[in-house]
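Read off the chains here:
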Amino acid sequence: MTEPPRSPRPAISCVMPAFNEAANLPAVLGDVTRQLAQLTERWELIVVDDGSRDATPVAMLPWLVQPGVRYVRLSRNFGKEAALTAGIDRAEGEVVMLMDADGQHPSNLLPRMLDAWVQGADMVCAARSSRAGESWSKRIGTWLFYRLVNANPSVQIPVDAGDFRLMDRKVVDALKALPERNRFMKGLYAWVGFRTEIIDYLPTERMSGHSHFSMRSLMRLAFTGVTAFTNLPLRLWSALGALIAFCAFGFGIWIVIEHFIRGHDVPGWATLVTGMMLFSGVQLLSIGILGEYVGRIFDEVKQRPVYVVGSETGRGALSPHVDRSA
């Protein structure tokens with residue numbers, strides 16, 4: 001069934017999560033709002049403040065006077081995945097774009113993304129063309145992460161594609177229908193499917209400040225992604241357990257044969273202690289990996305909301321929006 005032609009000037013919602021980005025917001029908002037106004041007459045920019053502790057609320061005030069910009073402040077820091085979810089839940093446009101508030105996502109790519117959507121793509125994601133500026137440890141970790149998470153052939157996450165993307169309304173509705181609390185957005189984008197087009201880009205330098213994602217935060221997010229979209233860690237430890245059991249069985253047979261043929265005494269203390277320490281470590285590590293999956297189940301069955309909104313002000317240029325800050 002052929003879809004009707006898409007309008008080259010659709011209603012656009014742009015979601016922008018922000019955490020302690022007061023120094024970057026004036027320049028970024030000015031740049032993005034100008035670009036959106038050139039693309040269409042019907043647009044909204046939704047800034048989701050993920051519990052910032054700097055002057056972000058003050059920096060937002062001048063942008064809330066005229067229609068176009070909406071400001072959603074979460075009650076505390078819930079994390080970027082939750083902030084993206086809050087923005088997506090509120091986006092009303094035919095097309096939804098996701099961008100960071102640090103200025104590293106170039107707004108001049110938005111027309112190219114929109115053109116790909118007009119041509120029929122349901123999702124257009126920007127993928128980094130190079131990681132030359134990153135440390136070797138981060139590059140190795142990124143490579144390993146994608147190898148692990150893409151071990152599941154049914155859900156393939158585009159390599160080096162982040163949150164900078166455009167989505168059709170039906171993609172947004174599919175994402176909103178997903179109920180899980182442990183949200184790994186890159187995986188969810190891939191899971192819902194639809195026709196996807198990838199464009200290469202190089203992130204620009206941050207206008208001010210530094211990244212709020214520490215190596216620990218990145219590792220936690222990566223582990224969430226791996227446990228949410230593949231059972232490979234469990235299968236690896238099952239295979240390791242089988243291999244150790246097979247080796248232990250073979251070693252036991254060898255000891256018995258050697259004892260009866262050569263008359264050697266059965267080794268004792270050193271072998272016993274080394275084996276116990278090895279197997280204890282393997283068992284504890286296996287239990288830890290299993291516990292991570294059980295912990296995900298525990299988080300899901302509690303059914304707490306992904307985020308809590310503290311206040312919501314401003315209105316887009318799509319339709320009137322009620323001020324709920326009081």
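About the criteria used
Residues numbered from 1 in each chain as written. Predicted model: local features only at pLDDT ≥ 70, side-chain atom pairs only at ≥ 80, totals over all residues. Heavy atoms only, no water. Helix = DSSP H or I, 4+ residues; strand = E, 2+ residues; numbered from the N terminus. Contact = heavy atoms within 4.5 Å. Areas by Shrake-Rupley, 256 points an atom, 1.4 Å probe, with all protein chains shown as cover. Buried < 20%, exposed > 50% of the residue type's maximum accessible area, 1.4 Å probe, protein only. Arc of directions from axis to C-beta. Pairing = 2+ DSSP bridges. Right-handed = clockwise from strand over helix to strand, strands pointing away. Salt bridge = Lys/Arg side-chain N within 4 Å of Asp/Glu carboxyl O. 1 Å grid on protein atoms, 1.4 Å probe; cavity = no way out; pocket = protein on both sides within 12 Å on 5 of 7 lines; lining within 4 Å. Points joined across faces, edges and corners; volume = space filled by probe spheres on them. Nonpolar A, V, L, I, M, F, W, Y, C, P; charged D, E, K, R; others polar.

## Notes on the overall build of the protein chain
Step number 1: Of the regular secondary structure elements, the protein chain holds 10 helices and eight strands.
Step number 2: The contacts in the protein chain between residues at least 6 apart in sequence include a share of 81% that link residues at least 24 apart.
Step number 3: Accessible surface, the protein chain: about 17,500 Å² in total, of which carbon and sulfur atoms supply 62%.

## Quick word on helix 4 (residues 110-118)
Step number 1: Every buried residue of helix 4 is listed here: Leu 110, Met 113, Leu 114, Ala 116 and Trp 117. Mapping the buried residues of helix 4 onto a view down its axis gives an arc of 155 degrees, with all of them on the same face.
Step number 2: Contact partners of the buried residues in helix 4: strand 1 (12-18), helix 1 (25-39), strand 4 (95-98), strand 5 (123-128), strand 6 (161-168) and strand 7 (196-201).
Step number 3: Once helix 4 finishes, Gly 120 follows within two positions and takes phi at roughly 125 degrees, a positive value.

## Considering the pairing of strand 1
Step number 1: The buried fraction of strand 1 amounts to seven of the seven residues, a majority that puts the element mostly inside the structure.
Step number 2: Residues Ile 12, Cys 14, Met 16 and Ala 18 of strand 1 are buried on one face, and the alternating residues Ser 13, Val 15 and Pro 17, pointing to the opposite face, are buried as well.
Step number 3: Of the pairings in the sheet, the one linking strand 1 to strand 2 (residues 43-49) comprises seven bridges and is parallel in character. Bridging across to strand 2, Pro 17 finds its partner in Val 48.
Step number 4: In terms of handedness, the path from strand 1 via helix 1 over to strand 2 forms a crossover that is right-handed.
Step number 5: One ladder, built from four bridges, connects strand 1 with strand 4; its direction is parallel. Directly across from Ser 13, in strand 4, lies its bridge partner Val 96.

## A word on the pattern of salt bridges
Step number 1: Counted by the stated rule, this structure contains 14 salt bridges.
Step number 2: For Glu 94, the salt bridge identified is with Arg 42, shortest N-O distance 3.2 Å. With Glu 94 in the loop between helix 3 (80-90) and strand 4 and Arg 42 in the loop between helix 1 and strand 2, the pair connects residues that are 52 residues apart, well separated along the chain.
Step number 3: Note on Arg 42: relative accessible area 38%, which makes it partly exposed.
Step number 4: With its nearest N and O atoms 4.0 Å apart, the salt bridge here joins Lys 186 to Asp 163. With a gap of 23 residues between them, Lys 186 in helix 7 (residues 185-192) and Asp 163 in strand 6 connect regions that are remote in the sequence.
Step number 5: On the accessibility criterion, Lys 186 (17% relative accessible area) is buried.
Step number 6: You can call Asp 163 buried: its relative accessible area is 5%.
Step number 7: A network of salt bridges, in which partner residues are shared, links Glu 44, Arg 70, Arg 90, Glu 92 and Glu 312.

## So, the environment of Pro 233
Step number 1: With respect to the helices and strands, Pro 233 occurs in helix 9 (residues 232-262).
Step number 2: You can call Pro 233 buried: its relative accessible area is 12%.
Step number 3: For the pair Pro 233 and Leu 148, spaced 85 residues apart in sequence, the C-alpha separation works out to 8.5 Å.

## Some thoughts on empty space enclosed by the protein
Step number 1: In this structure the tally under the stated criterion is one cavity of 30 Å³ or more.
Step number 2: Counted as a void, the largest cavity has a volume near 30 Å³.
Step number 3: If you trace the largest cavity, you find it lined by Thr 85, Ile 88, Asp 89, Leu 175, Lys 176, Arg 183 and Met 185.
Step number 4: Those elements that place two or more of their residues in the lining of the largest cavity are helix 3 and helix 6 (169-176).
Step number 5: Considering each element in turn, the lining of the largest cavity owes the most residues, three residues, to helix 3.
Step number 6: Residues of the lining of the largest cavity, tallied by class, amount to three nonpolar, one polar and three charged.

Keep in mind that these numbers describe shape and distance, not what the molecule does.
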